[in-house]
Amino acid sequence: MYSKDGQDYFIVDAHVALWDARAENQRNIHGKQFIDCFYDYHRNLSPESEVWPYEDYLYQGGDRLMHDLFEVGHVDHAIFQPAYLGEFYNNGFGQTEEAFKLTEANPDKLTYNHFWDPRFGEQGLKQLREDAKRFNLKGVKLYTAEWHGESRGWKLDDPWSYRYLEAAQELGIRNIHIHKGPTIRPLDRDAFDVADVDKVATDFPDMNFVVEHCGLPRLEDFCWIATQEPNVHAGLAVALPFIHTRPKYFGQIIGELLYWLGEDRIQFSSDYALWTPRWLVERFVDFQIPEDLTEYAPLTTAQKKKILGLNAAAMYDIPVPEHLQLPREEPQAVAVA
C-alpha cells in the first residue's frame, strides 16, 4: 500500500516479468539486440538514480523481484506477463518455472499469466489446455511480433488465432494481454499494429483485451478502436516512464485515454524489470496534467486509485481491503408522482 497526503492506494502492477538475457541463454545475435534495446529504453527514460548496471539488467531473479516490487516498490499485487522469444533465447526469455514457483509461494501477491503462439497449431492447442490447468490461468500475454521459423509475426484475426481464442474462452481464460507498442529490435514494427484488436474484440465480447503499451506510437488508432469496443483496455507500460522525461507528452497520453476510454479501463504497469515500480507510483500520484493542456480535465484522486490498482484488481478478482476501496455510490431515490 502507498500513502500520500492522507490518501491510501492499493497498487496492482499489471505487467511484470522475470527474464534471462544472459549471454549463455542468447541463441543468436538477436537475443543481444533485444535486451540491448530494452536497456536503452530503461536507461533513457529512467531518472539517473533508478538506472541499473547493464549486467544486473540481464537477469534479476525472484529475490530481487520480491524486493523491488513488494518491499520497496509500494506494490500490493503483481501479474506476470511473460514473453517466450524462443527464436532468440535457448531457454526462452521469460522464465516460466521460476515465475510460477514464485507465484505458488506467494499467491496473495502474484498472479501468473502464460503465453501461446497459434503458429504451433494442434500441438500448441494441446499445450494450452495443459497450461491452463497447471497454471490455473485467468489471462495470457500474446506477442504478435514474435518470430517463428520463417514467420516474423502473426495477427489476432488469423484463423489459427481464432481457434486458440475459442479454446481459451472454453477454458475460462478471459483476460488477453497483447503487446501492441513500440517496436523492439530486431522485431518488425508493423507486427505490433493495433488494427487486428478491433475484430477479435467484437467477436469475443466476453473477453477482456488489454492492449499493453496502449498502442504507442499508434495511440490515436488505439483510442478510436477502444472507444467502440467496451472490452478493450489500456495498459500503461512504456507510456508511464514518459512522466519523467516528457511530462507533457505523458499528459497527452493519459488525457486521451481518459477522454476516449474512461477511468475504468486503464491499468498501471511498471513493465518490471524494464522499470521499477516505486518511482512510477510516486510520480503518478503526484502528477497533474499540465495547465496548458486545457482540453483535458484535471486528474482526480479517485481516477488515480482506479488506474493504480482497483481496475486490475476487479479484472482479476484480487481482494482489496475495505478501507482501500472507493466509497460505494448510494442508490438515488426515485420520486413517485
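Residues numbered from 1 in each chain as written. Predicted model: local features only at pLDDT ≥ 70, side-chain atom pairs only at ≥ 80, totals over all residues. Heavy atoms only, no water.

Q: Provide a residue-level description of the overall build of the chain, including the pertinent values.
A: Within the chain one finds 12 helices and 10 strands. At 19 Å, the chain has a C-alpha radius of gyration in line with the 20 Å of a compact globule built from 337 residues. Seen through its C-alpha atoms, the chain measures out along the principal axes to roughly 65 × 50 × 40 Å. A total of 337 residues make up the chain; the buried ones form 58% of that total. Taking contacts inside the chain between residues at least 6 apart in sequence as the whole, the part at least 24 apart equals 78%. Total accessible area on the chain is roughly 15000 Å²; 49% of this is exposed by carbon and sulfur atoms. (Helix = DSSP H or I, 4+ residues; strand = E, 2+ residues; numbered from the N terminus. Rg over C-alpha atoms; globule rule 2.2 N^0.38 Å. Buried < 20%, exposed > 50% of the residue type's maximum accessible area, 1.4 Å probe, protein only. Contact = heavy atoms within 4.5 Å. Areas by Shrake-Rupley, 256 points an atom, 1.4 Å probe, with all protein chains shown as cover.)

Q: Pulling in residues and values, what's your account of the confidence of the model for the chain?
A: Of all residues in the chain, 97% attain a pLDDT of 70 or more, and the chain-wide mean is 95. Taken together, the stretch residues 333-337 has pLDDT below 50 and engages in 0 contacts with residues farther than four places along the chain or on a different chain. (pLDDT = per-residue confidence, 0-100.)

Q: Can you explain the environment of Cys37? Please cite residues and give values.
A: Residue position: Cys37 is located in helix 1 (residues 29-45). Taking the C-alpha atoms as reference points, Cys37 and Arg185, separated by 148 residues in sequence, lie 6.1 Å from one another. Not counting chain neighbours up to four residues away, the residues in contact with Cys37 comprise Ile184 and Arg185.

Q: Got a sec to walk through the packing of aromatic side chains? Specific residues and values, please.
A: For the structure shown, the criterion picks out 27 aromatic pairs. Ring plane angle 75° and centroid distance 5.2 Å describe the contact between Phe34 and Phe93, whose orientation is recorded as edge-to-face. Here Phe93 lies in the loop between strand 4 (77-80) and helix 4 (96-105) and Phe34 lies in helix 1, a separation of 59 residues in the sequence. An aromatic cluster is present here, built from Trp19, Phe34, Phe38, Tyr39, Trp52, Tyr54, Tyr57, Tyr89, Phe93 and Tyr272 joined pairwise through their rings. If you follow Arg22 out to its NZ or CZ, it ends over the ring of Tyr59, 4.0 Å from the centre. Across from the ring centre of Trp52, 3.7 Å away, lies the NZ or CZ of Arg64, which sits over that ring. (Phe/Tyr/Trp six-rings, centres within 6.5 Å; stacked < 30°, edge-to-face > 60°. Lys NZ or Arg CZ within 6 Å of the ring centre and 35° of its normal.)

Q: Can you lay out unusual backbone geometry for me, pointing to particular residues and giving the numbers?
A: Between Leu216 and Pro217 the backbone carries a cis peptide bond, its omega angle lying at 5°. Structurally, Pro217 can be placed in the loop between strand 8 (208-212) and helix 8 (219-228). For the bond from Tyr272 to Ala273, the omega torsion is 10°, close enough to zero to count as cis. Within the fold, Ala273 resides in the loop between strand 10 (266-267) and helix 11 (277-286). Of note in the backbone geometry, Asn136 takes a positive phi value of approximately 50° without being a glycine. With respect to the helices and strands, the residue Asn136 is situated in the loop between helix 5 (121-135) and strand 6 (139-142). Residue classification places Asn136 among the exposed residues on the basis of a relative accessible area of 60%. At Asp317, a residue that is not glycine, the phi angle is positive and equals roughly 55°. Residue position: Asp317 is located in the segment after helix 12 (301-316).

Q: Quick rundown of the side chain of His177? Include the residues and the values.
A: Mapped onto the secondary structure, His177 falls in strand 7 (residues 175-179). A polar atom in the side chain of His177 sits 2.6 Å from the side chain of Glu212. In this structure, His177 is in contact with Ala14, Gln81, Asn113, Val140, Lys141, Leu142, Val210, Glu212, Gln267 and Tyr316, ignoring residues within four places of it in sequence. (Polar contact = N/O pair within 3.5 Å; in protein donor to acceptor, adjacent residues only side chain to side chain.)

Q: Please set out the sheet that holds strand 4 residue by residue, giving values where relevant.
A: Within a sheet, neighbouring strands are paired by backbone hydrogen bonds and run either parallel or antiparallel to one another. The strand order across the open sheet formed by 3 strands is 3-4-5, and the pairing between neighbours is parallel. If you trace the sheet from one side to the other, it starts and ends with strand 3 (12-16) and strand 5 (110-112), each paired once. Across the sheet, the mean angle from the axis of one strand to that of its neighbour is 20°, orientation sign disregarded. (Pairing = 2+ DSSP bridges. Axes fitted to C-alpha atoms, helices over the stretch in contact; angles between N-to-C directions.)

Q: Let's hear about helix 6 (residues 159-170): which residues, and what values?
A: Between the first and last C-alpha of helix 6 there are 17 Å, a value that for 12 residues agrees with the 16 Å anticipated at 1.5 Å per step. Among all positions in helix 6, only Ser161, Tyr162, Tyr164, Leu165, Ala167 and Ala168 are buried. Buried residues in helix 6 make contact with helix 5, strand 7, helix 7 (195-203) and strand 8. (Expected span 1.5 Å × (residues − 1).)

Q: Tell me about the environment of Val232, and please be specific about residues and values.
A: Mapped onto the elements, Val232 comes out in strand 9 (residues 232-235). A C-alpha to C-alpha distance of 23 Å links Val232 and Leu110, two positions 122 residues apart in sequence. In contact with Val232, not counting residues within four places along its chain, are Val197, Ala201, Phe209, Val211, Phe222, Ala226, Leu261 and Arg265.

Q: Before we move on, could you go through the pattern of salt bridges and cite the residues and values that matter?
A: If you walk through the whole model with that rule in mind, you get 20 salt bridges. A salt bridge links Lys306 to Glu263; its shortest N-O distance comes to 2.8 Å. Here Glu263 lies in the loop between helix 10 (247-260) and strand 10 and Lys306 lies in helix 12, a separation of 43 residues in the sequence. (Salt bridge = Lys/Arg side-chain N within 4 Å of Asp/Glu carboxyl O.)

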